[in-house]
Each structure stands twice: as structure tokens, then as C-alpha cells.
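Overview (structure and organization)
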Amino acid sequence: MKTILRRKDNTSIFCPPVHQKYPQSSKTKGIQLMIACFIIVIGLCIIIITQ
């Protein structure tokens, strides 16, 4: 998203977006990856046992 700030003298200045790093998002992705792997392993075990 572009951010354009207007001054009192009708001139404008462009402010590029700043990407913020969220340390919790990497933790969340790690937890999601662990859960996904756990579900895959359980599914494979169920498939192997039922055959």
C-alpha cells in the first residue's frame, strides 16, 4: 500500500511501506509445521496398521 502524506503547503511526500518482522509468526509457522507432520505420521501409521 502506498502512503502519501500531504503537507499544509499542498506538497505531498511518499512514504514507502515498512515491512515489520513478527517473531511470533515464525513460532506459529513452526507449530503448524509440527502439527502437520504429526498428522501425516499418524495417518501413515493408521494406513499401515489397517492393511
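Conventions adopted
Residues numbered from 1 in each chain as written. Predicted model: local features only at pLDDT ≥ 70, side-chain atom pairs only at ≥ 80, totals over all residues. Heavy atoms only, no water. Helix = DSSP H or I, 4+ residues; strand = E, 2+ residues; numbered from the N terminus. Buried < 20%, exposed > 50% of the residue type's maximum accessible area, 1.4 Å probe, protein only. Areas by Shrake-Rupley, 256 points an atom, 1.4 Å probe, with all protein chains shown as cover. Patch = residues over 30% accessible without salt bridge, like charges linked within 9 Å, V, L, I, M, F, W, Y side chains within 5 Å. Salt bridge = Lys/Arg side-chain N within 4 Å of Asp/Glu carboxyl O. pLDDT = per-residue confidence, 0-100.

Quick look at the overall build of the chain
Broken down by element type, the chain carries one helix and two strands. Along the chain, helices and strands appear, N-terminal first, in the series β-β-α. Within the span of the chain, comprising 51 residues, buried residues form 0% of the whole. Carbon and sulfur atoms make up 68% of the accessible area of the chain, which amounts to about 5,400 Å² in all.

So, a nonpolar patch on the surface
Where nonpolar side chains cluster on the molecular surface, the patch consists of I31, I35, F38, I39, I42 and I46 and spans about 590 Å² of accessible area. Of note, F38 is situated in helix α1 (residues 23-50). Take F38: its relative accessible area is 56%, and that puts it in the exposed class.

Some details on the confidence of the model for the chain
With 65% of its residues at a pLDDT of 70 or more, the chain shows a mean pLDDT of 80. Mean pLDDT in the chain bottoms out at strand β1 (residues 3-6), which sits at 66, and peaks at α1, which reaches 90.

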